[in-house]
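Fold and geometry: a report
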Amino acid sequence: MPTITEKLQKFFRLEASQGYANRAVLGGLQRLAESWPAEAREAGIEESIIPTVTRLLRQYQGMPAVERRDALIKMSELVKLPNARSFPEALDGVEAGPEKAQAKGSLTHKEIPETKKASSSTKDNTADKPSKKNKAVATRSKVNTRLKEVAKKPKLDEAAGLEAPVSVIRGVGEKQAVHLSRLGVKTIKDLLYLFPRRYDDYSKLKTISQLKYGEEVTVIASVLDFTKYPTKRGRSIVEAVVSDTTGTLRLLWFNQDFQLRYLRKGMFISISGRVESYLGRPVIYHPDYEPVDQQQLHTNRIVPVYPLTALITQRWVRRTQFNTVQYWADRVPDFLPEAIADRADVMGLAEALRQIHFPETQEALSAAQKRFAFDEIFLLQLGVLRQKRQWQQLEGTAYPVTDAWMEERIQALPYALTNAQYAALEHIRQDVGSLHPMNRLLQGDVGSGKTVVAVIGMAMVIQAGAQAALMAPTGILADQHYNTIRRLLCRDGNGHAPLLVDGQVRLLTGDSSAAEREEVLDGLASGYVKLLVGTHALIEDPVAFQRLQMVVVDEQHRFGVAQRAALRGKGDNPHLLVMTATPIPRSLQLTIFGDLDVSIMDEMPAGRRPIETSIVLPAEREQVYGQIQSQVAKGYQAFIIYPLVEQGDNEESKAAVEESERLQKEIFPNLRVGLVHGRLKPAEKDAVMLAFRNKDYDVLVSTSVVEVGVDIPNATMMVIEGANRFGLAQLHQFRGRVGRGEAQSYCVLIPETDDAAENERLRVMTETNDGFVLAEKDLSQRGPGDFLGTRQAGFVDLKMANLADTRVIQKARAIAEEVLKQDPELISDENLALHQAVDTFWPSQDGNGDMS
Ligand code: ADP
Ligand code: MG
């Protein structure tokens, strides 16, 4: 992590280069005032200057630009930053705070007349006029000089106008501004980034004689006549007849009397819409049209179709966008340095903005989309790589272990490790033995044996006297790990002495009694307890460790980012291992998990029998019940999963509750049917799962929200109702709940329909047991949002990019790596704008963010 002085220097430079607009730090420089004193003390900065700097940071937002510059100089001198006096002059008399910048934007823009001719001449004016403002710009840093030299590149102070509210745009009143804000559009920049949700291609003009029914077309014709008349049911119709030299066409509007105000006999209009047939003659209902002597925005081109809210019309948004793009597209600073844009083979930002809104051709549109997709992926990559670098710069404690030690731990296990387990362990050993904290994602299919790998990893720090913690998403899973770990570490194994005694491994969950809790807390504080297993209870406040040096998070997707960070925060830069049983496709590994090192275990322990999977249509369900009966007769158990029928877990629970009653009464009166669903409290869920594991039930009915992430080797059947509703990765997870014992296991998928095409997707489940193959398929079928679930996808809100597009991702990553290699902090002149774009893209990643 950068030291506080490095950080200040970076922020101050950025701040100065942006005209002292108080935008270098997200939320303003005053934000630094909070963390500064502690960081300053840590860095050994002289105590006497701390309050002065704190005060200046706090007051900064209230100062005019000229004073802001002085304040930065003063602080730089106090903290002894190099070149304090080299900040560029502040703009005389111009306060460059966001509020003033807005006022400036408003002036410039309202001045722009609507026609194209006038607006371009205004633009030229701005570029040519040697204003005071421009002179000030020239004396700023090198970056601005360079920017100025590059023709058409906007000046940074002009760019500040982009943050002005949309209401400064001509034709956007306060009311429209409110409507736009419903679409998330507050500033001019937001508006520019409000991309069309689709395009209608009216660019291919036809004559009336060429029209075919059902086609979307544009024709140009003159209005022969128009009338209004009522229908039998009391509606009113406006009808116009238009003609070009080849034929006539009828236009009809229902209940739109206002059309009468626009239509004129003899006027030439360009008409777009779908051609229908009415009494054998061509007609267009509710066409879009406009006089042809106007700029053809709505017709006769590839027309953008924007997302709308009530009260604003498509025409209005188009017109507003057109004006905005015309004026502002050239004024948006392109944060991609030219060399990068060249390497990525993407068009400039101004051109991309123009083409994404009003594409000239389909090719230009694709090129614009490519540019914006690249931007997203590239900023994402810079963010994750920067995060990774920050990880790598942290200092941790090394826990090297000898070959002999490894050999003994492995010998003590009740089974031989797979090659994949060996390899993962070796990665962990390297990490834990280094001076930087491990930050590793362990991926392995359900049942691949991740737990034992994590346990030996934890043993590496424990053998040196430090502590480790393992967090699991449910009480029963924690309990299971607790038992596994005591078996592995506290028992004599193949003649090798145990590493710990029972009391040194402890369990802490929401169910732990007060007395137990007390004891555990004492043991942790004194350092007697070496390994703590538990649920979210681990991260609660009073849980404090003497020396926590390794943290393992199981089923990481079940935890939020904050929870993981909280657990890590209980140690001093501990080594971190997160585990996932959902294989993560390569493209996502490189993006949202891009800050982690990855180990993949793609091999199952020997002797596992592949699960037999079949698809059974609803009509043949009885046969499945028969199969369950026969499995239970052999002493085995079965799961039946019900899907989310309606959004909201009540409906789902209802389906499971009703079904379990029906199954118990009508289908399995001789068996014991258990039920677990989302409305149960965690302790109740655990109780049911425990009962199932203890064979108190033969059949367990469960909703899909309850992940049955538990080892129940005696269960041999997994039946999934409504299988068509689930993604492949999730189906694979369910399937992984069986096949954990010696016996042959079965998975039965029952889709809701017998629609062959719809069920085709499920076929691949019957063909492979490989979670990685299924994950890739699932990602391409459903997209990353559904694949990841909201908890993780939430923070990457990508509009244009496809997170499944490995090629673009790899390219962006390679470029990002290179850029960061040359300029790790992105503070060289040419990368300043890029730096800011990354900060905006990753608002939460301010220095010490934690993403994955
Ligand atoms: P997961 O990767 O899904 O968390 P677990 O760690 O729960 O898998 O392991 C699944 C089962 O496989 C456990 O019962 C464990 O004891 C067993 N196991 C793990 N490694 C091996 C191995 N190398 N050989 C045989 N069985 C193993
Ligand atoms: Mg597991």
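No experiment lies behind these values; they were computed from the predicted model shown. (Residues numbered from 1 in each chain as written. Chains lettered and ligands numbered in written order. Predicted model: local features only at pLDDT ≥ 70, side-chain atom pairs only at ≥ 80, totals over all residues. Heavy atoms only, no water.)

What to know about the packing of helix H18 (residues 419-432) against helix H19 (residues 450-462)
The packing of two helices is summarised by the inter-axis angle and the distance between the axes. Orientation of H18 relative to H19, taken along the N-to-C sense of each, is 25°, at an axis distance of 10 Å. As judged from the angle between their axes, H18 and H19 are roughly parallel. The interaxial crossing formed by H18 with H19 has right-handed handedness. Residues Gln 421, Ala 424, Leu 425, Ile 428, Arg 429 and Val 432 of H18 form the contact with H19, whose participating residues are Val 452, Val 453, Ile 456, Gly 457, Met 460 and Val 461. Along the lines of polarity and charge, the residues of the contact of H18 with H19 split into nine nonpolar, two polar and one charged. (Axes fitted to C-alpha atoms, helices over the stretch in contact; angles between N-to-C directions. Helix = DSSP H or I, 4+ residues; strand = E, 2+ residues; numbered from the N terminus. Parallel < 35°, antiparallel > 145°, perpendicular 65-115°, else oblique. Left-handed = near helix turned anticlockwise from the far one by under 90°. Contact = heavy atoms within 4.5 Å. Nonpolar A, V, L, I, M, F, W, Y, C, P; charged D, E, K, R; others polar.)

A short note on the site of ligand 1
Neighbouring ligand 1 are 16 residues; Ala 416, Gly 447, Lys 450, Thr 451 and Arg 608 lie closest to it. Ser 448 is positioned such that a nitrogen or oxygen atom in its backbone is 3.5 Å from an oxygen atom of ligand 1. When ligand 1 sits alone it has 570 Å² of accessible area, and the protein chains cover 81% of it. (Near = heavy atom within 4 Å. Polar contact = N/O pair within 3.5 Å; in protein donor to acceptor, adjacent residues only side chain to side chain. Areas by Shrake-Rupley, 256 points an atom, 1.4 Å probe, with all protein chains shown as cover.)

A closer look at the environment of Glu 351
When you line up the elements, Glu 351 lands in helix H15 (residues 349-357). Spatially, the C-alpha atom of Glu 351 lies 9.7 Å from that of Ala 367, the residues being 16 residues apart in sequence.

A short note on the pattern of salt bridges
If charged atoms from side chains of opposite charge come close, those side chains can pair. In the structure shown here, the tally under the stated rule is 30 salt bridges. Arg 343 is the salt-bridge partner of Glu 818, the closest N and O atoms lying 2.9 Å from each other. Here Glu 818 is found in helix H31 (residues 806-822), whereas its partner Arg 343 is found in helix H14 (residues 338-344), with 475 residues between them in sequence. Looking at Glu 818, the relative accessible area reads 40%, which means it is partly exposed. For Arg 517, the salt bridge identified is with Glu 540, shortest N-O distance 3.8 Å. (Salt bridge = Lys/Arg side-chain N within 4 Å of Asp/Glu carboxyl O. Buried < 20%, exposed > 50% of the residue type's maximum accessible area, 1.4 Å probe, protein only.)

What about the packing of aromatic side chains?
Scanning the entire structure with this criterion turns up 12 aromatic pairs. Ring geometry for Phe 322 and Phe 358: centres 5.0 Å apart, planes at 85°, overall edge-to-face. With a gap of 36 residues between them, Phe 322 in helix H13 (residues 314-328) and Phe 358 in the loop between H15 and helix H16 (362-393) connect regions that are remote in the sequence. You'll find Phe 322 and Phe 358 in the same group, each marked buried. (Phe/Tyr/Trp six-rings, centres within 6.5 Å; stacked < 30°, edge-to-face > 60°.)

With respect to unusual backbone geometry
The phi torsion at Leu 279 lies on the positive side, around 50°, for a residue other than glycine. Its place among the elements puts Leu 279 in the loop between strand E6 (276-278) and strand E7 (281-285).

What about a nonpolar patch on the surface?
Judged by side-chain polarity, Tyr 278, Leu 279 and Tyr 285 come together as a nonpolar surface patch covering roughly 340 Å² of accessible area. Leu 279 sits in the exposed class, given a relative accessible area of 73%. (Patch = residues over 30% accessible without salt bridge, like charges linked within 9 Å, V, L, I, M, F, W, Y side chains within 5 Å.)

A word on the packing of H16 against H31
Packing of H16 against H31 brings their axes to within 8 Å, and their N-to-C directions diverge by 50°. Here H16 lies oblique to H31, going by the angle between them. Helix-helix and strand crossings are classified by hand; for H16 and H31 the assignment is right-handed. Between H16 and H31, the contacting residues are Phe 374, Ile 377, Phe 378, Gln 381, Leu 382, Val 384, Leu 385, Arg 386 and Lys 388 on the first element and Val 808, Ile 809, Ala 812, Arg 813, Ile 815, Ala 816, Glu 817, Val 819 and Leu 820 on the second. Taken together, the residues of the contact of H16 with H31 break down into 13 nonpolar, one polar and four charged.

Some points on H19
Taking 1.5 Å of rise per residue, the 13 residues of H19 would be expected to cover 18 Å, and the 19 Å separating its terminal C-alpha atoms lies within 8% of that figure. Those residues of H19 that sit buried are Lys 450, Val 452, Val 453, Ala 454, Val 455, Ile 456, Gly 457, Met 458, Ala 459, Met 460, Val 461 and Ile 462. (Expected span 1.5 Å × (residues − 1).)

Remarks on the sheet that holds E6
Read from one edge of the open sheet, seven strands run E6-E7-E4-E3-E2-E5-E8, paired in mixed fashion. Among the strands making up the open sheet, the edge pair consists of E6 and strand E8 (288-291). Ignoring which end each strand starts from, the neighbouring axes of this sheet average 45° apart. Where E6 meets E7, three bridges bridge the pair, whose relative direction is antiparallel. Residue Glu 276 lies in a different strand from E7, and its bridge partner there is Val 283. (Pairing = 2+ DSSP bridges.)

Side note on helix H1 (residues 4-17)
Here H1 is 14 residues long and its end C-alpha atoms lie 20 Å apart, about the 20 Å a rise of 1.5 Å per residue gives. Burial analysis of H1 places 10 of its 14 residues in the buried class, the great majority of the element. Residues of H1 that are buried include every one of Ile 4, Lys 7, Leu 8, Lys 10, Phe 11, Phe 12, Leu 14, Glu 15, Ala 16 and Ser 17, and no others. Just downstream of H1 lies Gly 19, where phi reads positive at about 75°.

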